[in-house]
Structures are given as C-alpha cells and as structure tokens.
Amino acid sequence: MTATIEPEVGKARSRKEDARLITGRTRWTDNLTLPGLLHLAILRSPFAHARINSIDTSEAKTRPGVIAVYTATDLDPDGSIGLPCAWPITPDMKSPRRPVLAADTVNFAGEGVAVVVARSKAEATDALEAIEVDYEELPVVLGLENALAEGAPLVHEELGTNRNALWVFDSGEAGSGGNVEEAISGAEVVVKRRFRQQRLIPAFMEPRSCMVDPTGAQITMWSATQVPHILKTMAALTLGIPEHKLRVIAPDVGGGFGGKLAVIPEETMSLLVAQKLGKPVKWTESRSETMLAAHHGRDQVQDITIAANRDGTVTGLKVELLADMGAYLGLVGPGVPILGAFMFNAIYKIPAYHFACTTVFTNTTLTDAYRGAGRPEATFGIERIMDELAAELGMEPMELRKKNWIKHEEFPFTTVAGLTYDSGNYEAATEKAMQLFDYDGLRREQKERRDRNDPVQLGIGISTFTEMCGLAPSRVVGSLDYGAGGWEAASIRMLATGKVEVVTGASAHGQGHETAWSQIVADQLGVPFEDVEVLHGDTQSSAKGLDTYGSRSLVVGGIAVVKAAEKVVTKARTIAAHLMECSPDDLEFAQGKFTVRGTDKSTTIQDIAFSAFLAHNLPDGIEPTLDSDAVFDPENFSFPHGTHLCAAEVDTETGRVNLRSYVCVDDIGSVVNPLIVEGQVHGGLAQGIAQALFEEAVYDESGTLTTGTFADYLLPSAADLPSFTTDRTETPSTTNPLGVKGVGEAGTIASTPAVVNAVVDAVRHLGVDDIEMPCSPMRVWAAVHRGQKDAGGLGSEAGGGLGSIDASGGAQ
Amino acid sequence: MRITVTVDGTQYSDEVEPRTLLVHYLRETLGKVGTVIGCDTSNCGACTVHLNGQSVKSCSVLAVQADGCEITTIEGLARDGQLHPVQQAFHDNHALQCGFCTPGMIMQSIDLLADNPDPDEKAVREGLEGNLCRCTGYQNIVRAVRDAAQHMSPGAGPEAERVDGSGVREPSAIGGE
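Everything quoted here is computed from the prediction, not taken from an experiment.

Attention now moves to the sheet that holds strand E14 (residues 314-326) of chain A. Residues and elements named next belong to chain A. Strand order in the open sheet made by the five strands is E7-E15-E14-E13-E8, with mixed pairing throughout. The open sheet has two edge strands, strand E7 (163-170) and strand E8 (189-200), and neither has a second partner. Across this sheet, the average inter-strand angle for adjacent strands is 10°, counted without regard to direction. Here E14 runs beside strand E15 (residues 353-361); their pairing, made up of nine bridges, is parallel. The residue of E15 that forms the bridge with Asp 324 is Val 360. Its contacts with the sheet put helix H12 (residues 375-393) on E8, strand E13 (297-308) and E14, and the angle it makes with E8 is roughly 145°.

Right, dumping it as structure tokens:
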C-alpha cells in the first residue's frame, strides 16, 4: 500500500469511464433487458391543436404480439395525474395540467394520445397504424407576438389567455441600483434593439429510453435521465408511489445538455403501464420522437434598451423578454428566462437595471432547460447590444467593454442584479485572448479588405462574458421559488482493504465524474487514483442527491466529496492517535500517512481503515469502519468568466460564413482535470456556434415541425466546424475549498454572440446592423443586399428583385 | 429468411424477417448492443460497423443483405486484451465524452485510415462527416484519428479483421454507405 506523491488534482488524466465506452460494453438503458420484457410505442398527434372526439383501439388490440392498448381514460381515469412543473416563478403563474396522454384535446404536434404494449418493439410500432383517432382541428397559435395579440386563439381555453406569468426585477425597487427610466430619459445616447433567440433542439445523441420493473419488492426504473433523484421524488409525488418503494437508476446516459433534465410523460406512462400489467416494460424513442416531443430550448424575443454617456459609460439597461413555454410548462421551464435576469448586466458596472419577462403558451413542444439555460440568451443580448452601442458611439467595441467592466481590484462586487461576484480578472483573460488571437493584426487585415472592397470581408466578434454556475445555495434558489434545494451529497467508504468507494449524488452523463472525483479523493485521502471507485446514478447506492445540471457537479457535488473526505480523515486521525498512543493534534497527515510530529513513527490511512474494520481496538465512542456522509450547500454561486474572440470571413456574394479562427480564454478557477475541461469547452463552443450559424427548430403555419429529423435540423458535423484555440487564466473562486467555478456551459454561453458579432462586424460597413440567427447563407446574403440597397449601393433593378426575398425563413 | 453471418469472428445462423435491419439483428438477436442507434434517417452514424471490411451504417443495411458476410463491431476490435490503436487513441486524446457516438466514430475512423493512412485535418473532418457527435466539438476526435495514424502499422485497417486472415479486401455486397 503506497501513498501517492504527485498531486492528482490538476493532472490531465485520461478518463476511467472510457474503458467501457470505447469497447461497446456500455449500459445504455436501451441495451438492458429483463425476462418477459414488453415494449411500448406511442401514438402521437399529427395536429398542433385539435379536439379528440374519439379513439378506437379495438383493431390495434388484435394485431400480432399486442398485449394492450391504452388511452388517457385507461391510464388516468379521473384525469388527476399531471406532469410536474417545479418552478412556479410567480404566485399567480398559470400552470395547466400536463397529462400523461392527451384526453380531450391535443395542444402540440407530437403529444401522445395512446400507447401500445407488445412483445416486440416492431409489433408495438406496427400496431400504431391500426389506432383510429377522430380529430377535430382547432385554430393554432404560433409565435410569441401572435400569441399575445388580441383575439388570438387560446392554447388552453380555460385560462382565458396565452399569458403564463410576468416576472419583474427592478434595481430601483430592489435597492441594488437606480431607476432605469430616469437613466434612459437622461442619457446622451440610447440604443434599442430587438433580438430573437431561435428555438433549438438539445439533440443529445442517445435517444431517451426508460425501463420499469414492477415485479420486485420495489419498483425499479432505469431511465436515460440527468436527474434520477429528482425523478424519483417527482414520480412519487405525481403518481402516489411511496417513495421508498421506488428505485431509479440512470445507467450510462448518452448526453443531456439539459434535454434530459425533465420528468417526462413517457416515464410516467411506463410506470403506470408496468404497474397495471405487473410486467416489465421498456420505451425507447426514435429520433423523430426526440425532435417532436422532447423539450426544446431558447425561443425568446428580447427588447433591449441601453443608455450611455457619449464617453461610453453605460448608465442603464432595460430588458423586456417574451419567452415561449410551448403548450405546457416543463419541470423548470418558466425558471429558465429568470436565470437570465441575473446575467444581462454581465461583467459590467451598470447603475440602473430593469428586467421583465412574460412567459407565453403556444401550440408547440414545450421549452425547458438547454445547455446554459437562460444565461446564453442573456449573454447574447448584452454582448450584441454592447457592439451596437459601440457602433453608435463610434468606439472600438473592446474599448467600450473595458470602460464598463468590473476591475480586478473591485472584487468582490455586488451587481445591479443583486449578485455578489466573488472573484474575477477580466483584464488578464482578455489580454491573453487578444494576444493569442492577434487582435490588432486581424483589425488591420479587416481594414485592408474593406479598402479594396474584397468580396470576402473579415469580421471580428467579441464576447466577454460571465455566468452563474453551481445552482445552489438552497436558500437563494428558494427565494426564486425553485421547487428544490441546491445542495449535493457525497459519501466515502474506506473498505477493509484500503480501497475507496465514493458515492456522489451528482449523476453524470458524459462529464467524467468518475475520473475527476477519483482525482479529488486521491489527493484528499492520499490513496492511489486507481484505488478509488465512484458510484452514481442509482438512488439505492446514492440515496441522496440533486443530480447534474447548471454546471453544479464539481462546484457543489465535488465539494461535498471534499467535505466527506475531511470527515474520514478526522475519524482516521482519532483512531491513529489511539493506536500510536499520542494526541490527535500531534499527528501530521500528508500523502495518506499519519506521522507523529518530530518522529519517524507513522501509519497509513489504509491501515487505519483495516483497523476500523476489525474494530478490535478503537477509541471509546468511535464507531467501527471508516466512512462518512456529507451534504454541501454552498454560500454563493460561482462566476466563471472569459473572453472569446472570433474571426469570421463573410462572402458578400454568397452569404457564406467561414470561421477563420476562434480563440477563447476561460477563467473557471482552479482546474481538477485540464483534459476534461478542454473537452467541455470544445463541445460547448460547437453548440454555441451551431446556434449562431446552423440550428433552428422550425414550425410551419399549421404547427408541424419541419425540422423533425437530423436530415432537416442542421447539427454540425466535423466538416462544419474549425479547430479552436483554447486557453485559461486561473482566478480561484473564494467561496469553496477547491477554488473551482464550473465549466459545462461556458463555451455555449460565450460563443454565440462572439460569432454573430463577427458576422455583423464583417458587413457593418455595408449597412448591416443585425442578422437573425442562425446566420445562414440566405440570411447573410439578404442582409448584405438589403443594407446596400438602403445605402443606395445597389441598382434599383437588383434591389427590387432582392427585396422580395423573405429572409426570415430558410434557416438552412 | 435464414442468414449466416460471421460477427466478430463467430458464425451465427438465424431466421430473420426480410425487413429486419442489420443493426436490429445485431442488437436484438445477437445481443451485440455495443452498436447503437441514434437516429432513424441514417444521418448520425452511431450504428457504423464494418461489413466485409468496409464501414456501413448498419441501420441502412438489411440483415438479409449481410448473408454470408463478415461483420466487425466495436465489440470485436480489441484483440487478446489489446485495444485497437484507434480505440487507444480515442482514450489518449479524450475524444469522447458521453460516448454514445463513439463506437460508430471509431469504426468509421478505422475505415478512413485504411483509405488514407496519413490524413490531414481536413481529410479527417471530411471523412467523419457522416458521424455526428454532440459532446466533443470534434476537435479531439480529429486529434485522435491523426494520432492513431502515427501508431498504426500498415494493414491495421479493416482488412486485418478478416477471420480467414487473408487480409484481402473483397468487393462488398453492399456499396459502402
């Protein structure tokens, strides 16, 4: 038994998880089976809004292999079961019941109306065709402004409105700043813009799946979920299953990005069907079902007004949002734009701030958390408006940012939104990024291209961003009416042989917790990395937990692991002192070894674990075995930040955008595993860039999703993306013992505005001041021609012809 | 219909429905669940396997079309406990996160390297265009493929998988992807 010498934290360790993932020995939910397993297939509405007059399942029941066919009446006869929304953002928020299967009306295309249970998946799917539904189409409402228009069709007739809630923050009323209307009326410069956050589809690679076994002493549910613990509690609350009779397992989960942060009708349905039949059942979706029925993200209209002095000092910011909830409220859906409320002021010292968000129902798939959840939208809004303000002032956009940002020596800093940023160094990250990027050189080249009227123009896009990570503290999320705490749990069990089991409540879906947590524990206990096993994603082994989302795993869950390790060391110290007949205070603990100060007398923590297991000679009052539990509830969020710079070449003749270089310097505090961090940044960048250039969920006027497969929804491939230059500065968080801040969402949050700012910058001199996302060749080309026409740069013939092109569609 | 196939070195003979896709046969009949399904339009490439030494998306091949063929899946790559150089390179370069696309990515990368043993970045990106990943942003996958190229001996591509040891690439029953 040897202790480790070199610190594990900070080391670029290849991941433990990889062994099973690269050899195909993975436990995806759809890989699992049980004796006598039955399969579910769901009939989904083709209409966005329709009355269901009748459903005839008699023919389907006679089809080969079919065991049962159920509608809402069968599964929920008294119509009392509703899927949970755990974030009532205002006391008067309207929360219509979201049924397991639609009973009387369907409210979005893709909503389930019946479920077939058969011996094989193929037989279940075949039988869907034999179900006859008599639909009576109802008027459809799509689009945020349309939904609020007078006389608009109502998604939920009984509510009398499509307005869901109005949530307001005002710095004057909160006492965190001044009155924004005064700031605007007294300002030397006011810039007002409307930005759209298009609807996106999270598009995790593993389709959702769940399997339920009701035949044991407990009901066991396997699900491709980010939130096994929340799912367990919510399923118990919703269905009346005694919570201790339910075990939820999230085995290997193939990505989430917020898209699996949900409690879904299909899981509820599987639980009900399994209990009804007394047999194990499994549901696995097709990709088309994912696109149609798994929640979407973003979908906001942002009206932003910024007030400033002529010298560039920002004096006020007013944000009015409309946010599309879709047809129902998801688990945390209404809270998503509210998270953005705290981030619109970003890294800037803004003296007056007003934020108001109206959440709206439409006949579309519901929206909910998607990577970054509220913070990408906010970061986009502020970083785009800063560029527009710079243009209005004739200032260099980076100079405008520098003038307004919080200086390094001003931390901790309480913002106009009422958050206290514990640490940050925007200067250092920006300086490093500008050097790596060759900012000045690229600005020179940009000028040269403009001067020679090159058909391919160069744009430089900036995003200097911060975010709030580590969703917690419980009392703060509670003050925002979030329906759960923000703590996280961990247990450490030192086994008789000196090996270590770590149990974490932060269930992983690709982030590498098993590796990172092993590194943390190896250092804390002084045991070899290989001697640590991390258990997660099973409510039986990890009884307590609040799961993984909002970049909370390391900043909350990882710190719970540290706290559990500290308790183990304390107990081990007491036992060691007893065995070596000294005072615990006389013992030094380093690299897994307790040494009596000033002597060569020592023992290892592994030996203490064995002694604690034997329990032959323990101090009075000390329980046998060496283990501990800890629950960590942080005192503050964490605030990663960084500077992202994008150089985009825009072909003014075709509208094609080529990302020439992308440089980012992120400050995520201390780093546990640089390899994992780099991977997270790369993936995040790809997702944010995809929002800027490629992806959009599009409905036609009847409410049919026209981007319902990977053939229509443009997920970027390797050939669509460049390589990125990533680097870091390290300004440790001051509010947790590891100094970590979180990294999972940073790339996505920062990159979208960097790219769009670059595209607009490339063609600003041609009269363009905005291009809606995604900046497809069609949109860019149309914007350039519209701009030139407005500036009189194009002949009337060409201008007239081009003016008829609708640039609002044609995402791809 | 009865088909006989050799999968990862073992011969199987089974009755299959004519409509059964190869990926469903591999997963449901043979229990070879290392090959996964990510979409229903042949866009994602998660189900990529080697059929007679060429990469195919097994959701686009009928099981009956594979009759008499040799198939290699991710589960048949490692030999004598040794990872294939591409598997090793994916691990070394952190070329995976959730890992769902990984089996297909690795199978496609091996075929790519068989065609072009020393691809530049552009060639790797274009060669992997039919395989989608949502976690990595592809950068480390590209790095892994180029790293594997440096570590692979000539002939370590799909030809080496042939159980008859002939190492000869025969014309495929199916025209590639």
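This brings us to the domain arrangement of chain A. How big an interface is tends to be stated in terms of the accessible area lost upon association of its parts. All names here are of chain A. Taken domain by domain, chain A comprises domain 1 (32-138 + 205-255 + 260-293), domain 2 (141-202 + 295-394), domain 3 (422-460 + 639-812) and domain 4 (487-632). Its C-alpha centre places domain 1 at a distance of 38 Å from the equivalent point of domain 3. Facing the seven residues of domain 1 at the interface are nine residues of domain 3. In total, domain 1 and domain 3 occlude about 630 Å² of area from one another, counting both sides; carbon and sulfur atoms represent 69% of this. Of the residues belonging to the side of domain 1 that touches domain 3, the class tally is five nonpolar, one polar and one charged.

With that out of the way, let us pick up the packing of helix H8 (residues 228-239) of chain A against helix H9 (residues 265-277) of chain A. Residue and element names in this part refer to chain A. Between H8 and H9, the least distance of the axes is 11 Å, while the angle of their chain directions is 60°. Judged on the interaxial angle alone, H9 and H8 are oblique. The hand of the H8/H9 crossing is right-handed. On H9, the residues that touch Leu 231, Ala 235 and Leu 239 of H8 are Glu 267, Thr 268, Leu 271 and Leu 272. Split into classes, the residues belonging to the contact of H8 with H9 amount to five nonpolar, one polar and one charged.

Residues and elements named next belong to chain A. The residue Ala 690 is located in helix H20 (residues 674-693) in this model. Its relative accessible area of 0% is what places Ala 690 among the buried residues. Remark: the alpha-carbon pair of Ala 690 and Ile 89, spanning 601 residues in sequence, is separated by 30 Å. Excluding its chain neighbours within four sequence positions, the residues that come into contact with Ala 690 are Glu 695 and Pro 716.

On to the pairing of strand E25 (residues 626-632) of chain A, then. Residue and element names in this part refer to chain A. What you see with E25 is a clean split: Leu 626, Ser 628, Ala 630 and Phe 632 sit on the buried side and Asp 627, Asp 629 and Val 631 on the side with no burial. Taken together, the seven bridges between strand E19 (residues 488-494) and E25 define a ladder with antiparallel strand orientation. Looking across to E25, one finds that Ala 489 is bridged to Val 631.

On to the pairing of strand E20 (residues 500-504) of chain A. All names here are of chain A. Most of E20 sits inside the fold, with four of its five residues counted as buried. Connecting E19 to the antiparallel partner E20 that follows it, the hairpin turn spans five residues, and Gly 498 within it adopts a positive phi of roughly 90°. The pairing of E20 with strand E21 (residues 532-535) spans four bridges and is parallel. Across the sheet, residue Val 500 finds its bridge partner in E21, namely Val 532. Regarding topology, helix H17 (residues 513-525) serves as the crossover connection from E20 to the parallel E21, and that connection is right-handed.

Another point: the domain arrangement of chain B. Residue and element names in this part refer to chain B. Partitioning chain B into structural domains gives domain 1 (2-72) and domain 2 (85-161). The C-alpha-based centres of domain 1 and domain 2 are spaced at 21 Å. The interface is formed by 16 residues belonging to domain 1 together with 12 residues belonging to domain 2. Between domain 1 and domain 2, the buried area comes to about 1,100 Å², and carbon and sulfur atoms account for 53% of it. Inspection of the domain 1/domain 2 interface yields zero salt bridges. Where domain 1 packs against domain 2, one counts six residue pairs in polar contact (both at pLDDT 80 or more). Looking at the side of domain 1 that touches domain 2, the elements with two or more residues in it are strand E3 (48-51) and strand E4 (54-57).

Thresholds applied
Residues numbered from 1 in each chain as written. Chains lettered and ligands numbered in written order. Predicted model: local features only at pLDDT ≥ 70, side-chain atom pairs only at ≥ 80, totals over all residues. Heavy atoms only, no water. Pairing = 2+ DSSP bridges. Helix = DSSP H or I, 4+ residues; strand = E, 2+ residues; numbered from the N terminus. Axes fitted to C-alpha atoms, helices over the stretch in contact; angles between N-to-C directions. Contact = heavy atoms within 4.5 Å. Domains from an automatic or database assignment. Buried area = accessible area lost by both parts, 1.4 Å probe. Nonpolar A, V, L, I, M, F, W, Y, C, P; charged D, E, K, R; others polar. Parallel < 35°, antiparallel > 145°, perpendicular 65-115°, else oblique. Left-handed = near helix turned anticlockwise from the far one by under 90°. Buried < 20%, exposed > 50% of the residue type's maximum accessible area, 1.4 Å probe, protein only. Right-handed = clockwise from strand over helix to strand, strands pointing away. Salt bridge = Lys/Arg side-chain N within 4 Å of Asp/Glu carboxyl O. Polar contact = N/O pair within 3.5 Å; in protein donor to acceptor, adjacent residues only side chain to side chain.

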